Amino acid sequence: MSESKTCVELPILDISKPLQQSSLSSLAEACKTWGFFLISNHGISRDVYSRIYMLSHQLFSLSSDTKLQLGPSSSSKTYIPHFIASPFFESLRVDGPNYFESAQTSANILFDQQSSEFSELLQEYGSKMTELSKKIVEVLLMSLGNGIEKKYYESEFKNCDGYLRIINYSPPESLEDEVEGLGMHTDMSCVTIVYQDDIGGLQVRSKEGKWMDINPCEGTLVVNVGDMLQAWSNEKFRSSEHRVVLKQPVNRLSLAFFWCFEDQKMILAPDEVVVGEGNIMRLYEPFVCSDYVRFRENNERGKFEKVGFTVKDFAGISSHSKCDDNNQNMKVLCSCSYL
Ligand SMILES: O=C(O)CCC(=O)C(=O)O
Ligand SMILES: [Fe+2]
């Protein structure tokens, strides 16, 4: 019996070049099927990555007591320690638009010696990710056709903002089988841009429920669609479940940049987007962005190990009764936020 493929082939979009019609079609197809694609010529040098890598390594090597000054119970909640997302996962969050200030606040607490190298690097990285996210959203809207980007890019996406999560995965030393570093989830963002080091382990779940590897590919970044864009695009783009598995007993570092609508944004797919090719039914009720974020944060089943409820349960038109039930549940369930 032939072994079925476990690695997904995603299109690579050269983000530095003007777009060809053929790249738009393969992009639209990939976003519908996988909700994932790769970008190349993104303008971030290997040197920037190796410096972020080195400084992040130093940061995560600090004692737990030192790191815990940044959360999860501190007011800033920028640090997520082990055993929240998984036993092998810890992360530091850096908020935009002032990445320098956000990173420096953490660095001042963590390090005795004051230096701004880390914060400057993250400011540079955050700004580059912002530029890239804008380009990516514009290209995605172009792939919908009918001049959607001209009509809606500026008016709908101009107040988006980003934040960065630096993630350190440390698997157990004796690793007999693979372990989940980060359980199945969808992102809440419009788009997420992920840099993964060369260890690998990122996987996307196919529509049939099969886990497929997204192998590291030199010089590229992984882009995935999040729930906000899935709802705004009336599912022309898919926000896929994904996870990270650790197969080798070595540390893995990733940088995930989430580009999101502003809190008060009302998310509603424009009629032209709803009516485009394929389904013509409106699939989501309008909803306010922060209400969905709160719904996820307050939901027991929205925790890491399971995807639990997503935007479909929250605002999906065919799941009204479920949504009402969930809103009831929200009042009694404990607050446990991450994704
Ligand atoms: O670490 C990775 O490669 C992906 C992380 C991720 O999916 C997330 O933080 O939402
Ligand atoms: Fe994710």
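Cut-off values and rules
- Residues numbered from 1 in each chain as written.
- Chains lettered and ligands numbered in written order.
- Predicted model: local features only at pLDDT ≥ 70, side-chain atom pairs only at ≥ 80, totals over all residues.
- Heavy atoms only, no water.
- UniProt positions renumbered as here; feature names shortened; annotations may be inferred.
- Axes fitted to C-alpha atoms, helices over the stretch in contact; angles between N-to-C directions.
- Helix = DSSP H or I, 4+ residues; strand = E, 2+ residues; numbered from the N terminus.
- Parallel < 35°, antiparallel > 145°, perpendicular 65-115°, else oblique.
- Left-handed = near helix turned anticlockwise from the far one by under 90°.
- Contact = heavy atoms within 4.5 Å.
- Nonpolar A, V, L, I, M, F, W, Y, C, P; charged D, E, K, R; others polar.
- Pairing = 2+ DSSP bridges.
- 1 Å grid on protein atoms, 1.4 Å probe; cavity = no way out; pocket = protein on both sides within 12 Å on 5 of 7 lines; lining within 4 Å.
- Points joined across faces, edges and corners; volume = space filled by probe spheres on them.
- Phe/Tyr/Trp six-rings, centres within 6.5 Å; stacked < 30°, edge-to-face > 60°.
- Buried < 20%, exposed > 50% of the residue type's maximum accessible area, 1.4 Å probe, protein only.
- Lys NZ or Arg CZ within 6 Å of the ring centre and 35° of its normal.
- Near = heavy atom within 4 Å.
- Polar contact = N/O pair within 3.5 Å; in protein donor to acceptor, adjacent residues only side chain to side chain.
- Areas by Shrake-Rupley, 256 points an atom, 1.4 Å probe, with all protein chains shown as cover.

As named in an unreviewed UniProt entry, the protein chain is Fe2OG dioxygenase domain-containing protein, taken from Acer negundo. A UniProt comment under Sequence similarities (unreviewed entry) is attached to the protein chain, and it reads "Belongs to the iron/ascorbate-dependent oxidoreductase family."

### A short note on the packing of helix H5 (residues 117-143) against helix H6 (residues 148-157)
Each pair of packed helices can be described by the angle between their axes along with the distance between the axes. Contact geometry of H5 with H6 gives a least axis separation of 8 Å together with a crossing angle of 140°. Classified by the interaxial angle, the pair formed by H5 and H6 is oblique. In this structure, H5 crosses over H6, and the sense of that crossing is right-handed. Of the residues in H6, those touching H5 at Lys134, Val137, Glu138, Leu141 and Met142 are Ile148, Glu149, Tyr152, Tyr153 and Phe157. Split by residue class, the contact of H5 with H6 holds seven nonpolar, no polar and three charged.

### Structural notes on the packing of helix H1 (residues 21-33) against H5
Relative to each other, H1 and H5 sit at 95°, their axes nearing to 9 Å. By the angle between their directions, the pair H1 and H5 is classed as roughly perpendicular. Where H1 approaches H5, its residues Leu24, Leu27, Ala28 and Cys31 are matched on the opposing element by Val139, Leu140, Met142 and Ser143. By residue class, the composition of the contact of H1 with H5 is seven nonpolar, one polar and no charged.

### Quick look at the sheet that holds strand E12 (residues 252-260)
Spatially, E1-E2-E10-E7-E12-E5-E4-E3 is the arrangement adopted by the eight strands of the open sheet, whose pairing is mixed. Each of the sheet's edge strands pairs with one partner strand only, and the pair in question is strand E1 (12-14) and strand E3 (79-80). As paired strands, strand E4 (residues 89-95) and strand E5 (residues 161-169) are joined by seven bridges and run antiparallel to one another. Bridge pairing in E5 links Asp95 to Tyr163. Taken strand by strand, helix H2 (residues 46-60) contacts E3, E4, E5, strand E7 (191-196), strand E10 (220-225) and E12, and its axis lies near 105° from that of E12.

### Some points on empty space enclosed by the protein
One pass over the structure, following the stated rule, counts three cavities of 30 Å³ or more. Roughly 40 Å³ of internal volume is contained in the second largest cavity. Surrounding the second largest cavity, Ala231, Asn234, Ile267, Leu268, Ala269, Arg282, Leu283, Tyr284 and Glu285 form its lining. The class makeup of the residues in the lining of the second largest cavity is six nonpolar, one polar and two charged.

### So, the packing of aromatic side chains
The description of an aromatic ring pair uses the distance of the two centres, along with the angle that the planes make with each other. Applying the stated criterion to the full structure yields 16 aromatic pairs. Ring centres of Phe257 and Trp259 lie 6.3 Å apart, and the angle between their planes is 20°; this geometry places the pair in the stacked category. Note on accessibility: Phe257 and Trp259 belong to one class, buried. In this structure, Arg93 packs its charged tip against the face of Tyr163, placed 3.8 Å from the ring centre. Positioned over the ring face of Phe261 is Lys265, at 5.1 Å from the centre of the ring.

### Some remarks on the pairing of E10
Most of E10 sits inside the fold, with six of its six residues counted as buried. Burial along E10 is two-sided: Thr220, Val222 and Asn224 facing one way and Leu221, Val223 and Val225 facing the other are all buried. Of the strand pairs in this sheet, strand E2 (residues 36-40) and E10 are connected by five bridges, and their pairing is antiparallel. Across the sheet, Ser40 pairs through a bridge with Thr220, a residue of E10. By the bridge criterion, four bridges tie E7 to E10 in an arrangement that is antiparallel. Along E10, the bridge assignment pairs Ile193 with Val223.

### So, the layout of surface pockets
Approximately 480 Å³ is the volume found for the second largest pocket. In this structure, the second largest pocket is lined by 21 residues; those nearest its centre are Arg46, Tyr195, Gln196, Glu218 and Gly219. Put simply, the parts of the chain that give the lining of the second largest pocket at least two residues each are H2, E7 and E10. Counting residues per element, the lining of the second largest pocket draws most heavily on H2, at four residues. Looking at the lining of the second largest pocket, its residues break down into 10 nonpolar, seven polar and four charged.

### Some details on the site of ligand 1
Residues in close proximity to ligand 1 total 14 residues, the closest being Tyr169, His185, His242, Arg252 and Ser254. With respect to ligand 1, the side chain of Tyr169 contributes an N or O atom lying 2.6 Å from an oxygen atom. Taken by itself ligand 1 offers 300 Å² of open surface, and the protein chains cover 99% of this. Breaking the shell around ligand 1 down by element, the ones donating at least two residues are E5, strand E6 (179-185), strand E11 (242-246) and E12. Looking at the shell around ligand 1, the element that brings in the most residues is E12, giving three residues. Tallied by class, the residues present in the shell around ligand 1 amount to nine nonpolar, three polar and two charged.

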